[in-house]
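Coordinates in review
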Amino acid sequence: MSWLCGDPGRPDRPTVALGAVWRDKENLTGTPSRAMFNVSPVPQPFGDPVPAGRATEIVRGAQRMLAELGLASLTEVTLANGRRADVMAVDPKGQIVILEVKSCLQDFAADQKWPEYAPYCDRFYFAIDCDFPKQHIPEDCGLMVCDSFGGAILREVEPAPLSAARRKAGTLSFARIAAARPMRAGEPAPGAAEPAID
């Protein structure tokens, strides 16, 4: 069974297959079980923080999709300019990707800080769910639609390559954050602040 979103009767809401095929081990008859539709967000391992509410499902699906594409990702990463990237990922070639998660139009309208992420990534995407009105997302940004099971890239974006020095500093900071989070997860009150991406 593939998870689909969209409404065939409305051209502004295309049907997109999301995530991998869900296999219901408890129900071998092939019919969807009730448990498949009462899904709670999957907790993040290793203390990787996630936003609350609907954004949690978008973040989880985006991270699953990025992992399927070979990217390693972190959530809630502070940048050197003080902004916080919802999801940051690094691909096998060292390209850095930042995702800005928007769970509703009000969230998008209230937060217009996303252009300040550009100096810290090669590619920038908005990650939204199926109900978000996609026409409000700027055309020059990448776009992906996600649910808690996975995601799909609806609009690719041309890379804007980082300088070698910025890429090295960003990759090193990313690695240090990723290495420190498992240790910090078990601490009731971590003693030092997490480093920012340079």
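For the structure, see preceding data.
Residues numbered from 1 in each chain as written. Predicted model: local features only at pLDDT ≥ 70, side-chain atom pairs only at ≥ 80, totals over all residues. Heavy atoms only, no water.

Turning our eyes to something else, we now look at the side chain of Arg-181. Along the polypeptide, Arg-181 turns up in helix α3 (residues 164-185). According to the relative accessible area criterion, Arg-181 is buried, its value standing at 5%. A polar atom in the side chain of Arg-181 sits 2.7 Å from the backbone oxygen of Thr-75. (Helix = DSSP H or I, 4+ residues; strand = E, 2+ residues; numbered from the N terminus. Buried < 20%, exposed > 50% of the residue type's maximum accessible area, 1.4 Å probe, protein only. Polar contact = N/O pair within 3.5 Å; in protein donor to acceptor, adjacent residues only side chain to side chain.)

Turning to the pairing of strand β5 (residues 96-101), a few remarks are in order. Of all the 6 residues making up β5, 6 are buried; the element is thus mostly covered by neighbouring parts of the structure. Neither face of β5 is exposed, since Ile-96, Ile-98 and Glu-100 on one face and Val-97, Leu-99 and Val-101 on the opposite face are all buried. As paired strands, strand β4 (residues 84-90) and β5 are joined by 4 bridges and run antiparallel to one another. Pairing of Val-87 across the sheet is with Leu-99, part of β5. Hairpin connection between β4 and β5: a loop of 5 residues separates the two successive antiparallel strands, and Gly-94 in this loop has a positive phi of roughly 90°. (Pairing = 2+ DSSP bridges.)

This brings us to the pattern of salt bridges. Where charged atoms of side chains with opposite charge meet at close range, the side chains can pair. With the rule as written, the count across this model stands at 11 salt bridges. As a salt-bridge pair, Lys-102 and Glu-100 come within 3.0 Å of each other at their nearest N and O atoms. We classify Glu-100 as buried; its relative accessible area is 2%. Arg-155 is the partner of Glu-139 in a salt bridge, and the nearest nitrogen-oxygen pair spans 3.7 Å. Of this pair, Glu-139 sits in the loop between β6 (123-128) and β7 (142-147) while Arg-155 is found in strand β8 (residues 150-155), placing the two residues 16 residues apart along the sequence. A residue is classified by how much of its surface remains accessible, and Arg-155, at 17% relative accessible area, is buried. Linked by salt bridges that have partners in common, Glu-100, Lys-102, Asp-107, Asp-111 and Lys-113 make up one network. (Salt bridge = Lys/Arg side-chain N within 4 Å of Asp/Glu carboxyl O.)

It is worth spelling out the packing of aromatic side chains at this point. Under the criterion given, the structure shown has 6 aromatic pairs. Ring plane angle 15° and centroid distance 5.8 Å describe the contact between Trp-114 and Phe-124, whose orientation is recorded as stacked. A residue pair is termed long-range when its members are at least 10 positions apart, and Trp-114 in the loop between α2 (105-110) and β6 and Phe-124 in strand β6 qualify at 10 residues. Residue classification places Phe-124 among the buried positions, given a relative accessible area of 11%. Summarising the aromatic geometry, the rings of Phe-124 and Phe-126 are spaced 5.2 Å apart at their centres and angled 85° between planes, so their arrangement reads as edge-to-face. (Phe/Tyr/Trp six-rings, centres within 6.5 Å; stacked < 30°, edge-to-face > 60°.)

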